[in-house]
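Spelled out, the chains give:
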Amino acid sequence: GIVATGDAFNVFVFLEISSLSSYTLIAQGTTPRALTSSMQYLVMGTIGGTFLLLGIGMLYMVTGTLNIVDMASHLAALGPNRTVLVGLAAICVGTSIKLAVFPLHIWLPNAYTYAPAMVTAFLAATATKVAYYVMVRFVFGVFGTRLAFDQLNFDAVLLPLALLAMFAGSLVAIYQDDIKRMLAYSSVAQIGYMVLGLALGTRDGLTGGLVHLFNHALMKSGLFLVMACVVVRLGSTRLAAFSGLGRRMPLTMAAFVVGGLSLVGVPLTVGFVSKWYLVTGALAAGSWPVALLILLSSLLALVYVWRVVEVAYFRPA
């Protein structure tokens, strides 16, 4: 519904329907923490939905239409004013909460950690990805690059947050003992890459962001499915339980290694393709420091993936 609709209000309605389903799925976890995680996501998601609705209301106020194509043509003719600026800000905040952009990501680690393993794999591939699509569609399809980037300086807010997410998410992931929680914080960092592609405002940058949307859905859902297999076999996702697991579950851990290398962005994996586009997009925008930071943050991903590989393959069972 979110992808197919041409009506801005329907985007909000379908996003809320999918969010309500997510809250229920997360609450089905086996521990009491699943309920508190679901409640936390419910509160955050409701705030995000309210901001999104406010933003759409602001745009309706100045354009008199909810049709996305009509709205775009009216805004292009109208140009920047305070209501349009507030509308963009509200939509940005609303979708950022749903997308778990740093520092609005506080609901995500607990939701991913305490939800049932299969639910986590499903949410990792769908929930945040759709919110990213909504943000891209509003920024490029409704506001347009000239209004959003040149006149309202949308990238000045989003670019620093994306770079912070890439490093903060990876650094916190390195210190986690629960692998599901480690992958959850890794998602915060990977969302940073997607948002960075959007914030660059170049063709290669946006291509990198959208390609990473699909690639991350494949990588992260695959890695969480590995966790589901490990939970069935061992009953735990703690790092200590992975000792010697490379010999006990060779195919499953091989899948983890492939997914992990893709998170790092090693050549011949899908993660390399999206990071290549992001680096070329940063260079096209004249931001070579951003390109360098993308490479440095990828090395942090190597650290937390290697922790698991080391325990699984180089420690006795």
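It should be noted that the structure appears before, not after, this text.
All figures in this text were calculated on a predicted structure; none of them were measured in a lab.

### With respect to the side chain of Lys98
Structurally, Lys98 is set in helix H4 (residues 82-99). Only 2.8 Å separates the side chain of Lys98 from the side chain of Ser19, close enough to count as a polar contact. Those residues in contact with Lys98 that sit more than four places away from it in its chain are Leu15, Glu16, Ser19, Tyr23, Gly45, Gly48, Gly49, Trp107, Thr128 and Ala131.

### With respect to the packing of helix H12 (residues 270-284) against helix H13 (residues 288-314)
Put simply, H12 and H13 touch, their axes get as near as 7 Å, and they point 155° apart. Taken together, the axes of H12 and H13 lie roughly antiparallel to each other. Crossing of H12 against H13: the hand is right-handed. Facing Lys275, Leu278, Val279, Ala282 and Leu283 of H12, the residues of H13 in contact are Trp288, Val290, Ala291, Ile294, Leu295 and Ser298. In terms of residue class, the contact of H12 with H13 is made up of 9 nonpolar, 1 polar and 1 charged.

### Describing helix H6 (residues 117-151)
Taking 1.5 Å as the rise per residue, H6 with 35 residues should run 51 Å; its terminal C-alpha atoms sit only 44 Å apart, a clear shortfall. Maximum bend of H6: about 105°, positioned at Gly144. Positive backbone phi, at 50°, marks Asn153, one or two positions downstream of H6.

### Focus: helix H1 (residues 8-27)
For H1, spanning 20 residues, the distance from its first C-alpha to its last is 29 Å, which sits close to the expected 28 Å at 1.5 Å a residue. Those residues of H1 lying buried are Ala8, Val11, Phe12, Leu15, Glu16, Ser19, Ser22, Tyr23 and Ile26. Down the axis of H1, the smallest arc covering the buried residues is 125°, so these residues share one side. Close packing links the buried residues of H1 with helix H2 (32-63), helix H3 (68-78), H4, helix H5 (107-114) and H6. Its side-chain oxygen 2.9 Å from the backbone nitrogen of Phe9, Asp7 forms the N-cap of H1.

### A look at the side chain of Ser187
Secondary-structure assignment places Ser187 in helix H8 (residues 179-200). On the accessibility criterion, Ser187 (1% relative accessible area) is buried. Looking at Ser187, its side chain comes within polar contact range of the side chain of Lys220, at 3.1 Å. In contact with Ser187, not counting residues within four places along its chain, are Leu108, Tyr112, His216 and Lys220.

### Remarks on the environment of Phe122
In this structure, Phe122 sits in helix H6. With relative accessibility at 48%, the residue Phe122 sits in the partly exposed group. Residues Phe122 and Gln40 lie 82 residues apart in sequence; the distance between their C-alpha atoms is 19 Å.

### With respect to the packing of H6 against helix H9 (residues 203-234)
Axis separation between H6 and H9 bottoms out at 7 Å; the angle between their running directions is 170°. Between H6 and H9, the angle is such that the two are roughly antiparallel. Side by side, H6 and H9 meet where Ala117, Met118, Thr120, Ala121, Ala124, Ala125, Lys129, Tyr132, Tyr133, Val136 and Phe140 of the first sit next to Leu206, Gly209, Leu210, Leu213, His216, Ala217, Lys220, Ser221, Phe224, Leu225 and Ala228 of the second. For the contact of H6 with H9, the residue count by class is 16 nonpolar, 4 polar and 2 charged.

### Some points on the packing of aromatic side chains
Taken as a whole and judged by the stated rule, the model has 6 aromatic pairs. Ring centres 5.8 Å apart and planes at 45° place the aromatic pair Phe9 and Phe12 in the tilted group. Note that Phe9 and Phe12 are positioned in helix H1 at a spacing of 3 residues, about one turn of the helix. Classification of Phe9 as partly exposed rests on a relative accessible area of 34%. By relative accessible area, Phe12 is classed as buried at 14%. Here the aromatic rings of Phe272 and Trp276 are separated by 6.0 Å at their centres, their planes lie at 40°, and the arrangement is tilted.

Rules used in this analysis
- For every chain, the first residue of the written sequence is number 1, and numbering continues from 1 onward in sequence order.
- Whole-chain, interface and lining totals are the exception, using all residues; otherwise, since this is a predicted model, local features are given only for residues with pLDDT of at least 70 and side-chain atom pairs are given and counted only at 80 or more.
- Here the side-chain values reflect all heavy atoms present in the structure, with hydrogen atoms and water set aside.
- Numbering of helices and strands starts at the N terminus; helices are DSSP runs of H or I of at least 4 residues and strands are runs of E of at least 2.
- What qualifies as a polar contact is a pair of N or O atoms within 3.5 Å, subject to a donor-acceptor requirement within protein and to the restriction that residues adjacent in sequence count only when both atoms come from side chains.
- The contact criterion used is simple: two residues touch if any of their non-hydrogen atoms lie within 4.5 Å.
- Fitting a line to C-alpha atoms yields each axis, with helices limited to the stretch in contact; the angle taken between N-to-C directions then spans 0 to 180 degrees.
- With respect to orientation, any angle under 35 degrees is reported as roughly parallel, any angle over 145 as roughly antiparallel, any angle of 65 to 115 as roughly perpendicular, and every other angle as oblique.
- In this scheme the handedness of a crossing depends on how the near helix is turned from the far one: anticlockwise by less than a right angle means left-handed, clockwise means right-handed.
- In the scheme used here, Gly and all other residues not listed as nonpolar or charged are polar, with Ala, Val, Leu, Ile, Met, Phe, Trp, Tyr, Cys and Pro taken as nonpolar and Asp, Glu, Lys and Arg as charged.
- One less than the number of residues in a helix, times 1.5 Å, gives the span that helix is expected to have.
- Bend, in this description, refers to the angle at a residue between axes fitted to the seven residues ending there and the seven starting there.
- Only protein chains enter the accessibility calculation, which uses a 1.4 Å probe; a residue is then buried when its area is under 20% of its type maximum, exposed when over 50%, and partly exposed in between.
- What the arc measures is the spread of directions leading from the helix axis to the C-beta atoms.
- In this scheme Phe, Tyr and Trp rings, the latter by its six-membered ring, pair at centre separations within 6.5 Å, and the angle between planes marks the pair as stacked below 30 degrees, edge-to-face above 60, and tilted otherwise.

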